[in-house]
Amino acid sequence: MSGISKKIFFTEQIISYSYLVDRDLPWKKDNNPYFIWISEIILQQTRVQQGIPYFKRFVERFPSLNILAEASEDEVIKLWQGLGYYSRARNLHATAKEIKANYSSQFPEDFSELIKLKGIGNYTAAAISSFAFNKPYAVVDGNVYRVLSRYFALEENYHSSKGKSFYQNLAQTLIDHNNPGRYNQAIMDFGALVCKPQSPLCHECSIKIHCKAYARKAIANYPLTKTKTKKKQRFFNYFVIEDDHNQLILRRRNKEDIWKSLFDFPGLESSIDSILTHQEIKRFVLEEFNIKQFSSMVSSKEYKQTLSHQIIQSKFFHLKIQQHFEQQTPYVLTNTKKLINFAFPKTIDCYLRDNYINLYM
DNA sequence: AATACGGGGCC
DNA sequence: GGCCCAGTATT
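The residue numbering used here restarts from 1 in each chain and proceeds along that chain's sequence as written. Labels are handed out in written order, letters beginning with A for the chains and numbers beginning with 1 for the ligands. In keeping with the model being predicted, local features are shown solely for residues with a pLDDT of at least 70 and side-chain atom pairs are shown and tallied solely at 80 or more, while totals for entire chains, interfaces and linings include all residues. By convention in this description, side-chain values take in all heavy atoms of the structure and omit both hydrogens and water.

Enquirer: Explain the protein's contact with DNA strand C to me, please; I cannot follow it from the model alone.
Expert: It suffices for a single heavy atom of a residue to lie within 4 Å of a molecule or strand for the residue to be listed as near it. Lining the immediate environment of DNA strand C, one finds 28 residues, of which Leu 43, Gly 119, Gly 121, Thr 124 and Asp 141 sit closest. The sugar and phosphate moieties of DNA strand C supply 64% of its atoms located within 4 Å of the protein. One nitrogen or oxygen atom from the side chain of Trp 27 is found 3.1 Å from a base nitrogen belonging to DNA strand C. In the analysis that follows, any N or O atom pair within 3.5 Å is treated as a polar contact, provided that within protein one partner can donate a hydrogen and the other can accept it, and provided that, for residues neighboring in sequence, both atoms belong to side chains. Residue Gly 121 places a main-chain N or O atom 2.8 Å away from a phosphate oxygen belonging to DNA strand C. Sorting the residues of the surface near DNA strand C by element identifies helix 2 (33-43), helix 8 (122-133), helix 9 (142-151) and helix 11 (180-193) as the ones contributing at least two each. Asp, Glu, Lys and Arg are counted as charged, while Ala, Val, Leu, Ile, Met, Phe, Trp, Tyr, Cys and Pro are counted as nonpolar; the rest, among them Gly, fall into the polar class. Here the surface near DNA strand C is composed, by residue class, of nine nonpolar, 11 polar and eight charged. Each helix corresponds to a stretch of at least 4 residues labelled H or I by DSSP, and each strand to a stretch of at least 2 residues labelled E; elements are numbered beginning at the N terminus.

Enquirer: Can you walk me through the environment of Thr 347 in this structure?
Expert: One can find Thr 347 in helix 14 (residues 346-355). Each residue gets one of three labels from its accessible area relative to the maximum for its type: buried under 20%, exposed over 50%, partly exposed in between, using a 1.4 Å probe on protein chains only. You can call Thr 347 buried: its relative accessible area is 5%. As a C-alpha pair, Thr 347 and Leu 148 span 199 residues in sequence and 38 Å in three-dimensional space. Contacts are residue-level and defined by heavy atoms, with any inter-residue pair within 4.5 Å sufficient. With sequence-adjacent residues up to four places away left out, Thr 347 is seen in contact with Trp 259, Tyr 303, Gln 305, Ser 314 and Phe 316.

Enquirer: When you look at the pairing of strand 2 (residues 247-252) in this model, what are you seeing that I'm missing?
Expert: At least two DSSP bridges between two strands are needed for those strands to be called paired. Where strand 2 lies against strand 8 (residues 331-335), five bridges are found, and the strand directions are antiparallel. Pairing of Leu 248 across the sheet is with Thr 334, part of strand 8.

Enquirer: Teacher, can you tell me more about the protein's contact with DNA strand B here?
Expert: The environment of DNA strand B is formed by 22 residues, the closest being Arg 47, Ser 161, Trp 259, Gln 305 and Gln 310. Close to the protein, within 4 Å, the atoms of DNA strand B are drawn from sugar and phosphate at a rate of 56%. Contacts to DNA strand B include Arg 47, whose side-chain N or O atom sits 2.6 Å from a base nitrogen. Trp 259 has a polar backbone atom sitting 2.6 Å from a phosphate oxygen of DNA strand B.

Enquirer: Which parts of the structure should I look at to understand the layout of surface pockets?
Expert: It is a probe the size of a water molecule, rolled over the atoms, that shows where empty space is left. Any residue with an atom within 4 Å of a point lines the site, the site being either a cavity, points on a 1 Å grid over the protein atoms alone where a 1.4 Å probe fits but cannot get out, or a pocket, an open set with protein on both sides within 12 Å along at least 5 of 7 lines. Grid points are joined across faces, edges and corners, and a volume is the space filled by probe spheres set on the points. A volume near 320 Å³ is recorded for the second largest pocket. Considering the residues around the second largest pocket, the lining is formed by 18 residues, among which Arg 251, Arg 252, Arg 253, Lys 255 and Gly 267 are closest to the centre. Here the lining of the second largest pocket gets four residues from one element, more than from any other, and that element is strand 1 (residues 232-242).

Enquirer: Sorry if this is basic, but what is going on with the nonpolar core here?
Expert: In globular proteins that are soluble, nonpolar side chains generally tend to be buried together. In this structure, Phe 10, Trp 37, Ile 38, Leu 68, Leu 148 and Phe 265 are the most contacted members of the largest nonpolar core, which totals 104 residues. Here this core takes eight residues from helix 2, the largest share from any one element. Setting aside anything within four residues of it in sequence, one finds Phe 265 in contact with Tyr 238, Phe 239, Val 240, Leu 248, Ile 249, Leu 250, Arg 251, Phe 316, Ile 348, Tyr 351 and Leu 352. What is meant by a nonpolar core is a set of buried Ala, Val, Leu, Ile, Met, Phe, Trp, Tyr and Cys residues, joined one to another through side-chain atoms within 4.5 Å.

Enquirer: Explanation requested: empty space enclosed by the protein in the structure shown.
Expert: Counted according to the given criterion, the structure contains two cavities of 30 Å³ or more. Here the largest cavity defines a volume of roughly 130 Å³. Taken together, 15 residues form the lining of the largest cavity, with Phe 190, Cys 195, Cys 202, Cys 205 and Cys 211 sitting closest to its centre. Of the residues forming the lining of the largest cavity, the biggest block, three residues, is contributed by helix 9. The residue inventory of the lining of the largest cavity, partitioned by class, reads 13 nonpolar, no polar and two charged. Quantified by volume, the second largest cavity comes out at close to 50 Å³. If you trace the second largest cavity, you find it lined by Phe 235, Phe 236, Asn 237, Ser 270, Asp 273, Ser 274, Glu 302, Gln 313, Ser 314 and Lys 315. Taken together, the residues of the lining of the second largest cavity break down into two nonpolar, five polar and three charged.

See the structure below:
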């Protein structure tokens, strides 16, 4: 079979599969680009099952682009809490404002305009183009890399930029121009349900007759894996300082670091797993907050969190103070009853659940 | 061209 | 404990 006819067969089979693997997902209800866009941002590097409840909450609170554009960034981040990659939420909000201000609240239809928007890259621009406007731009996500690499037994590594453009070009030659939206949806559903990462369902796959990796009995060798990077270890010491009016000091994370625009507590980071001395704690708290003394201190267990590039171990020191705090930048004061209104990283969320369970749930 | 950016599910 | 998920922005 020639390369060309093999490609045609592939495209036809993917379209045939579109009826078998069609998943009933809440963002497939209509072709409104606003809902398509929200779903695609949520699903970036995120499993469908994890994204569904976030999508539902998000569109319930922000049913239209204008409503999203008029919301506060803090509220948008709060709805994103726990989903990770928080720049997605900031860019989502910024883009809503951008479209409201400069596109008369109408989603642009051209790929070249879409890709200019914050948070919209190659994949998302193709997804919106094809799903909302039925334009022939091939989506290339993790599913597509996997399916193509197996079917054609590709030796290119899609984690490199050369590999990415190779796959992008190949995918574009395979798209069904008569029904680009359906084709794009189908290849991803096929990848998610049949040509899965682990233990794919080759026995019930009807395109395996031309699948090169299957013929070689080498499905497990495709796609080529990423060379793994070392994770940086970090050690956080957090001070949960509570005054005599049940107020806590929070810190807004605004540096170029993880968890930007979320909240945590004032703290000291060390590069090694050292035990903070009583003196060091006292010096930090006294100098940073002009506190005379604390009446009690309770140390927490250690919380460990693994990110894609970092391993973070956090300890918390709960300090009670017999005085009344005043607001002092860059910190934020909150009553313990209002903790629920702030967006916290997972580690902080876990600590609060363990220690402020009655107030924070 | 490589790296940073979260969190979770599955083996 | 490692892999990878409906990727994008930055360095």
